[in-house]
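Observations on the model geometry
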Amino acid sequence: MGKLLNTKLFALALLALILIFAVSQVAWKVAERRATRDSVVQNIADQYAREQQLIGPLLWVKCHEPQTVVETDERGSRRRTVEHDCSRLIRPDSVTGQGTLGVSERYRGIYRANIYSAALQLQAVIPAFQPGPEQTIESAALVFGVSDPRGIKSVRVSTADGRDLTTRPGTPSKLINNGFQVPLDLAELAQPMRLAVQLDVGGSGRFDWVPIAAKNDLELKSAWPHPSFDGRFLPEQREVGSKGFSARWRVSDFATGGDKMLTELDGTPFANAFGVSLIDPVDAYTQTDRAVRYGFLFVLLTLGGFFLFEMVKKKPVHPLQYLLIGFAVVLFFLLLLALSEHIAFLNAYLAAAGACVAMIAAYGRSLVGSWTGAAVLGGGYALLYAGLYMLLASEDYALLMGAWLIFGLLALTMWLTRKLDWNIAGRTNTEGEA
């Protein structure tokens, strides 16, 4: 009899490996569908506007000055004067502002991308500039960096007395590749400038601001209820609720390093920034992927549960029956993936779990011999699916809850088999009488 039991256990181990492999294929399908979704979202961003990073206003001064250089060759040393480029960017003394993020959704097929329109009202103070004794100023402009200028909807820059300044696309500085500029009269450089800026810019996914001024104070509001505050600096004040969020950042030179920030400008996205990402917490692929990670546990518990039934009731279960019941578990995860792409994850989970529990209970009736027993079987698996959902919903306590769930199931198994004689385990009633 021990040989028969060992054969049964070997067959169950082989079936478990086959079913776990099937679950891994569902996990691969989740990754494939997520990659497709990400590709579609990126395509929408490429056609609308990508993540935005804003910097400015900076004062760009193009100038040159004479410089004496010494040249040495076989005939000796000689001096000559060359024109040296002394162009530079000058940081503002302060930038304060308020902004709102209006978030909307764009669909392509079943896939969705979050886009936004940022309406900003800024006040900036630009310091006066006095050239050196031998420096010649060629031109000057205010420079605003916008990482994806396709998102610029409207711009208005005015002085403290209400005079509108002319804005032009592009930037004169190679340190800031994309954005717009405001040409200045050289006579305006002698005095500090107070500016008012109204900027509407669209983007997708994430909005960043570079605190380039000596004092930076930015307040941002939105009706989006699921922000993720990113970047180098967290907001000093923030409120997040079901009706949206508000956040305020105050960053000074002491935190950014002052003029050192200018040396880090190289035309690429700036690391020393702060902002917000518009995350979607109800991500069907993330939730389904987390559920599939428990797939091996479901397979083992399902096979183990029917094996325990076989041992206690001494009613044989054919390996093919084990395989069919195991594939019902695998089908649950595939159904969950397919349904969650179209309806809310909770509804998809209830539908997939309900269908699989009903199928296992109906099929199990032929094993237990009564609808009462089938109802008990279905109730047990319903509790198992409920436990899995609790693990998914309680991400921070998933390990603790999972450990207690396994402990409880092991304790139940030990209690049910406490009087089982494993030396004759697996023998049917007919075999016992023989």
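That block above? That's the structure.
Residues numbered from 1 in each chain as written. Predicted model: local features only at pLDDT ≥ 70, side-chain atom pairs only at ≥ 80, totals over all residues. Heavy atoms only, no water.

This brings us to the overall build of the protein chain. Helix and strand counts for the protein chain come out as 10 helices and 17 strands. Relative to its length of 434 residues, the protein chain is extended, with a C-alpha radius of gyration of 34 Å against a globular reference of 22 Å. Seen through its C-alpha atoms, the protein chain measures out along the principal axes to roughly 115 × 65 × 35 Å. For the protein chain, the proportion of contacts with a sequence separation of at least 24, taken over those separated by at least 6, is 76%. When the accessible surface of the protein chain is summed, it comes to about 23200 Å², and 57% of that surface belongs to carbon and sulfur atoms. Once the 42 positive and 40 negative side-chain charges of the protein chain are each reduced to a mean point, those two points are 9 Å apart. (Helix = DSSP H or I, 4+ residues; strand = E, 2+ residues; numbered from the N terminus. Rg over C-alpha atoms; globule rule 2.2 N^0.38 Å. Contact = heavy atoms within 4.5 Å. Areas by Shrake-Rupley, 256 points an atom, 1.4 Å probe, with all protein chains shown as cover. Lys, Arg positive; Asp, Glu negative; His and termini not counted. Charge placed at Lys NZ, Arg CZ, Asp CG, Glu CD.)

Let us look at the environment of I18. Take I18: it is sitting in helix 1 (residues 2-47). Assessed through its relative accessible area of 39%, I18 is described here as partly exposed. Residues I18 and A355, 337 residues apart in the sequence, show an inter-C-alpha distance of 22 Å. (Buried < 20%, exposed > 50% of the residue type's maximum accessible area, 1.4 Å probe, protein only.)

Time to look at the pairing of strand 15 (residues 237-241). Both strand 15 and strand 16 (residues 244-252) contribute to a ladder of 5 bridges, which runs antiparallel. Note on strand 16: the bridge partner recorded for G241 is G244. Connecting strand 15 to the antiparallel partner strand 16 that follows it, the hairpin turn spans 2 residues. (Pairing = 2+ DSSP bridges.)

Cis rather than trans, the peptide bond between G56 and P57 has omega equal to 0°. Considering the arrangement of structural elements, one finds P57 in strand 1 (residues 52-73).

Here the focus is the sheet that holds strand 16. Sheet architecture is open: 8 strands sit in the order 8-7-11-5-4-13-16-15, paired in mixed fashion. What marks the edges here is a single partner per strand, and that holds for strand 8 (164-165) and strand 15. Both strand 13 (residues 215-222) and strand 16 contribute to a ladder of 8 bridges, which runs antiparallel. Residue pairing in the sheet places D217 in a bridge with R250 of strand 16.

Another aspect to go through is helix 8 (residues 371-393). Across its 23 residues, helix 8 extends 32 Å between first and last C-alpha, which sits within 8% of the 33 Å expected from 1.5 Å per residue. Looking at helix 8, one finds that the buried residues are A374, L377, G378, Y381, L384, Y385, G387, L388, L391 and L392. (Expected span 1.5 Å × (residues − 1).)

Within the element layout of this structure, N216 appears in strand 13. Of the residues examined, N216 reaches a relative accessible area of 5% and is grouped as buried. Here the side chain of N216 touches I212 through a polar contact of 3.5 Å, landing on its backbone nitrogen. Within the structure, the side chain of N216 is placed 2.9 Å from the backbone oxygen of A213, a separation counted as a polar contact. In this structure, N216 is in contact with V95, P211, W249, R250 and V251, ignoring residues within four places of it in sequence. (Polar contact = N/O pair within 3.5 Å; in protein donor to acceptor, adjacent residues only side chain to side chain.)

Our next topic: the side chain of S173. As for its placement among the helices and strands, S173 is situated in the loop between strand 9 (168-169) and strand 10 (179-184). Dropping the residues within four chain positions of it, S173 is found in contact with W60 and L89.

Time to look at the packing of helix 4 (residues 284-292) against helix 6 (residues 319-340). Each packed pair of helices is defined by two parameters, the angle between the axes and the distance between the axes. Two numbers describe how helix 4 lies on helix 6: the axes approach to 10 Å, and their chain directions differ by 175°. With respect to their mutual orientation, helix 4 and helix 6 come out roughly antiparallel. Seen from helix 4, the contacting residues are A284, Y285, T288, A291 and V292; seen from helix 6, they are F333, L336, L337 and S340. Residue classes in the contact of helix 4 with helix 6 are distributed as 7 nonpolar, 2 polar and no charged. (Axes fitted to C-alpha atoms, helices over the stretch in contact; angles between N-to-C directions. Parallel < 35°, antiparallel > 145°, perpendicular 65-115°, else oblique. Nonpolar A, V, L, I, M, F, W, Y, C, P; charged D, E, K, R; others polar.)

In terms of nonpolar packing, the biggest core is built from 48 residues, with F306, Y322, F332, F333, L336, Y349 and Y385 touching the most fellow members. Going through the elements one at a time, helix 1, strand 5 (111-126), helix 4, helix 5 (295-313), helix 6, helix 7 (345-368) and helix 8 are the ones with two or more residues in this core. Discounting residues that sit within four places of it in the chain, L336 has contacts with T288, A291, F345, A348, Y349 and A352. Counting residues in hydrophobic clusters, the runner-up holds 46 residues, among them A124, V157, V201 and F274. (Core = buried A, V, L, I, M, F, W, Y, C linked by side-chain atoms within 4.5 Å.)

Let's shift gears to a nonpolar patch on the surface. Taken together, the side chains of F10, L14, L17, I18 and F327 define a hydrophobic patch exposed on the protein surface, amounting to about 520 Å² of accessible area. For the nonpolar patch, the element with the highest residue contribution is helix 1, accounting for 4 residues. Residue classification places F10 among the exposed residues on the basis of a relative accessible area of 60%. (Patch = residues over 30% accessible without salt bridge, like charges linked within 9 Å, V, L, I, M, F, W, Y side chains within 5 Å. Salt bridge = Lys/Arg side-chain N within 4 Å of Asp/Glu carboxyl O.)

What follows is about the packing of helix 4 against helix 8. Following both chains from N to C, one finds helix 4 and helix 8 inclined at 125°, their axes separated by 10 Å at the closest point. Classified by the angle their axes make, helix 4 and helix 8 are oblique. Crossing geometry of helix 4 relative to helix 8 is assigned as right-handed. Residues Q287, R290 and A291 of helix 4 form the contact with helix 8, whose own contacting residues are L388, L391 and L392. (Left-handed = near helix turned anticlockwise from the far one by under 90°.)

Our next topic: the packing of aromatic side chains. All told, the structure shown has 12 aromatic pairs when counted by the stated rule. Taken together, a centroid distance of 5.4 Å and an interplanar angle of 90° make the contact between F332 and Y349 edge-to-face. Of the two residues, F332 sits in helix 6 while Y349 sits in helix 7, which places them 17 residues apart along the sequence. With respect to class, F332 is no different from Y349; both count as buried. Classification of F332 by relative accessible area gives buried; the value is 0%. (Phe/Tyr/Trp six-rings, centres within 6.5 Å; stacked < 30°, edge-to-face > 60°.)

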